[in-house]
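What follows is the residue order along each chain.
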Amino acid sequence: AGLDAGAAGADSFDVAAEDPFPDDGLMDAARLASTRDLEAPVWPKVLHFAEILSADPDAFASRLGEVPVRRLANGAWAAGSRHRVAAAKLAGVPVQCRVATGRRR
């Protein structure tokens, strides 16, 4: 028996339904996929951001800005910023996110 296309779509919907965007915009960096996974991070930049976040966990809003995220077809959340997400992982702090609208500011 082959895969039922309807079932695959239902699985994607279930993942999305179980992983809503948080009201406060704070997401665990481990939950975020990368839309730039073929590009390696610039590690000195990541380490610099991690130092900022380690000294001031609230620095996302004040110094680094919100990370735009979008929903992938499989229901996972993805971020385009590889440096800020990697820095948050190193510092052990959540990522301040906003849902991307598709328009640049």
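Cut-off values and rules
- Residues numbered from 1 in each chain as written.
- Predicted model: local features only at pLDDT ≥ 70, side-chain atom pairs only at ≥ 80, totals over all residues.
- Heavy atoms only, no water.
- Helix = DSSP H or I, 4+ residues; strand = E, 2+ residues; numbered from the N terminus.
- Expected span 1.5 Å × (residues − 1).
- Buried < 20%, exposed > 50% of the residue type's maximum accessible area, 1.4 Å probe, protein only.
- Arc of directions from axis to C-beta.
- Contact = heavy atoms within 4.5 Å.
- Axes fitted to C-alpha atoms, helices over the stretch in contact; angles between N-to-C directions.
- Parallel < 35°, antiparallel > 145°, perpendicular 65-115°, else oblique.
- Left-handed = near helix turned anticlockwise from the far one by under 90°.
- Nonpolar A, V, L, I, M, F, W, Y, C, P; charged D, E, K, R; others polar.
- Core = buried A, V, L, I, M, F, W, Y, C linked by side-chain atoms within 4.5 Å.
- pLDDT = per-residue confidence, 0-100.

A separate point is helix H2 (residues 43-55). Between its terminal C-alpha atoms H2 stretches 18 Å, which fits the 18 Å expected from 13 residues at 1.5 Å a residue. Taken together, the buried positions of H2 are occupied by Val46, Phe49, Ala50, Ile52 and Leu53. For H2, the arc enclosing every buried residue in end-on projection is 160°, short of the 170-degree limit, so these residues lie on one face. Along H2, the residues that are exposed and aim more than 90 degrees away from the buried face are Pro44, Glu51 and Ala55. Buried positions along H2 lie against helix H3 (59-64) and helix H4 (82-91).

Right, let's talk about the packing of H2 against H4 for a bit. Contact pair H2 / H4: the axes reach a minimum separation of 8 Å and the direction vectors enclose 50°. Of the possible angle classes, the one that applies to H2 and H4 is oblique. H4 is crossed by H2, and the crossing has right-handed handedness. In contact with Trp43, Lys45, Val46, Leu47, Phe49, Ala50, Leu53 and Ser54 of H2, H4 contributes His83, Arg84, Ala86, Ala87, Ala88, Leu90 and Ala91. Classifying every residue of the contact of H2 with H4 gives 11 nonpolar, 2 polar and 2 charged.

Glancing now at the nonpolar core. One broad rule of soluble globular proteins: the nonpolar side chains tend to lie buried together. Residues Leu32, Leu53, Phe60, Val67, Val69, Ala88 and Val95 are the most contacted members of the largest nonpolar core, which totals 22 residues. Secondary structure elements with two or more residues in this core: H2, H3, strand S3 (67-71), strand S4 (77-79), H4 and strand S5 (95-99). Looking at which element gives the most residues to this core, the answer is H2, with 5 residues. Residue contacts for Val95: discarding those within four places in its chain leaves Gly25, Leu26, Met27, Ala29, Leu32, Phe60, Val67, Val85 and Ala88.

Turning our eyes to something else, we now look at the confidence of the model for the protein. This prediction gives the protein a mean pLDDT of 81; 79% of its residues lie at or above 70. When mean pLDDT is compared element by element in the protein, H2 scores highest at 96, while helix H1 (residues 5-18) scores lowest at 44. Confidence drops under a pLDDT of 50 for residues 1-16, and excluding neighbours within four residues, the segment shows 8 contacts in the predicted structure.

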